[in-house]
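Results of the structural survey
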Amino acid sequence: MKEKYFPITEEEISYLCKRDPFFGAVITKMEKPKRELLPDFFSSLIFYIISQQISAKAAKTKWSRFQECFSPVTSEHIASLSPKEIQKCGTTLKRSVYI
C-alpha cells in the first residue's frame, strides 16, 4: 500500500519563512517534512495524542501496540473502554483520559 502524506506546498513554506526569518533559515536547509495521513479522523486524533512529545520511532511503536490492543479503533469501541484499560496498553493515564 502506497503511503500518503499531508501535502505541504511551497506557498506554505514561503509563508512560514516570512513569518519567522530564523525558522525560515532552518526550513530552507531541510527536506520537506513528511507527515503521514491516517485513514480516518478518529484514528488520526488518537495517534497524535499518543505521539505528542515522543520520538517518531516510539510513536509508531506505541501506535502499533494501541491498534493491537484495541482493534478496531472506532469511536464506539474506544468509548467503551475506561482510561485505566487504555493505560494498560502503554499510554500515560493523562493521555488515556484524553483518548
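Please refer to the structure higher up on the page.
The structure contained in this document is the topic of the report that follows.

Rules behind the numbers
Residues numbered from 1 in each chain as written. Predicted model: local features only at pLDDT ≥ 70, side-chain atom pairs only at ≥ 80, totals over all residues. Heavy atoms only, no water. Axes fitted to C-alpha atoms, helices over the stretch in contact; angles between N-to-C directions. Helix = DSSP H or I, 4+ residues; strand = E, 2+ residues; numbered from the N terminus. Parallel < 35°, antiparallel > 145°, perpendicular 65-115°, else oblique. Contact = heavy atoms within 4.5 Å. Nonpolar A, V, L, I, M, F, W, Y, C, P; charged D, E, K, R; others polar. Patch = residues over 30% accessible without salt bridge, like charges linked within 9 Å, V, L, I, M, F, W, Y side chains within 5 Å. Areas by Shrake-Rupley, 256 points an atom, 1.4 Å probe, with all protein chains shown as cover. Salt bridge = Lys/Arg side-chain N within 4 Å of Asp/Glu carboxyl O. Buried < 20%, exposed > 50% of the residue type's maximum accessible area, 1.4 Å probe, protein only. Phe/Tyr/Trp six-rings, centres within 6.5 Å; stacked < 30°, edge-to-face > 60°. Disulfide = S-S within 2.5 Å.

**Remarks on the packing of helix 1 (residues 10-19) against helix 2 (residues 21-29)**
Each pair of packed helices gets described by two things: the angle between the helix axes and the distance between those axes. Taken N-terminus to C-terminus, the directions of helix 1 and helix 2 make an angle of 140°; their axes are 5 Å apart at the nearest point. Compared by their axis directions, helix 1 and helix 2 come out oblique. Within the contact between the two elements, helix 1 uses Ile13, Leu16, Cys17, Lys18 and Arg19 and helix 2 uses Pro21, Phe23, Gly24, Ile27 and Thr28. When grouped by side-chain class, the residues that make up the contact of helix 1 with helix 2 number six nonpolar, two polar and two charged.

**A short note on a nonpolar patch on the surface**
Together, Tyr15, Leu16, Phe22, Phe23, Val26 and Met30 line one region of the surface with nonpolar side chains, adding up to about 630 Å² of accessible area. At the level of secondary structure, the elements contributing two or more residues to the nonpolar patch comprise helix 1 and helix 2. The dominant element in the nonpolar patch, judged by the number of residues it contributes, is helix 2, at three residues. Within the element layout of this structure, phenylalanine 23 appears in helix 2. With a relative accessible area of 39%, phenylalanine 23 lands in the partly exposed category.

**Focus on the side chain of serine 43**
Relative to the helices and strands, serine 43 resides in helix 3 (residues 41-51). The residues contacting serine 43, other than those within four sequence positions of it, are Leu38, Trp63 and Val73.

**Comments concerning the environment of serine 64**
By the secondary structure assignment, serine 64 is in helix 4 (residues 56-70). With 17 residues separating them in the primary sequence, serine 64 and phenylalanine 47 have C-alpha atoms 9.7 Å apart.

**With respect to the packing of aromatic side chains**
Tallied over the entire structure, the rule returns four aromatic pairs. Ring geometry for phenylalanine 47 against tyrosine 48: centres 5.1 Å apart, planes inclined by 75°, an arrangement best described as edge-to-face. By relative accessible area, tyrosine 48 is classed as partly exposed at 27%. Plain terms: the ring middles of phenylalanine 47 and tryptophan 63 are 5.7 Å apart, the flat faces sit at 80° to each other, and that makes the pair edge-to-face. Of the two residues, phenylalanine 47 sits in helix 3 while tryptophan 63 sits in helix 4, which places them 16 residues apart along the sequence. With respect to class, phenylalanine 47 is no different from tryptophan 63; both count as buried. An aromatic cluster of three or more residues is present, and its members are Phe47, Tyr48, Trp63, Phe66 and Phe70.

**Looking at the state of the cysteines**
Overall, the coordinates contain one disulfide when judged by the stated rule. Across a sulfur-sulfur distance of 2.2 Å, cysteine 69 and cysteine 89 are joined as a disulfide pair. Between cysteine 69 and cysteine 89 the sulfur-sulfur dihedral comes to about 85°; the bridge is accordingly right-handed. You can see cysteine 69 sitting in helix 4 and its partner cysteine 89 sitting in the loop between helix 6 (83-87) and helix 7 (93-98), a full 20 residues away along the chain.

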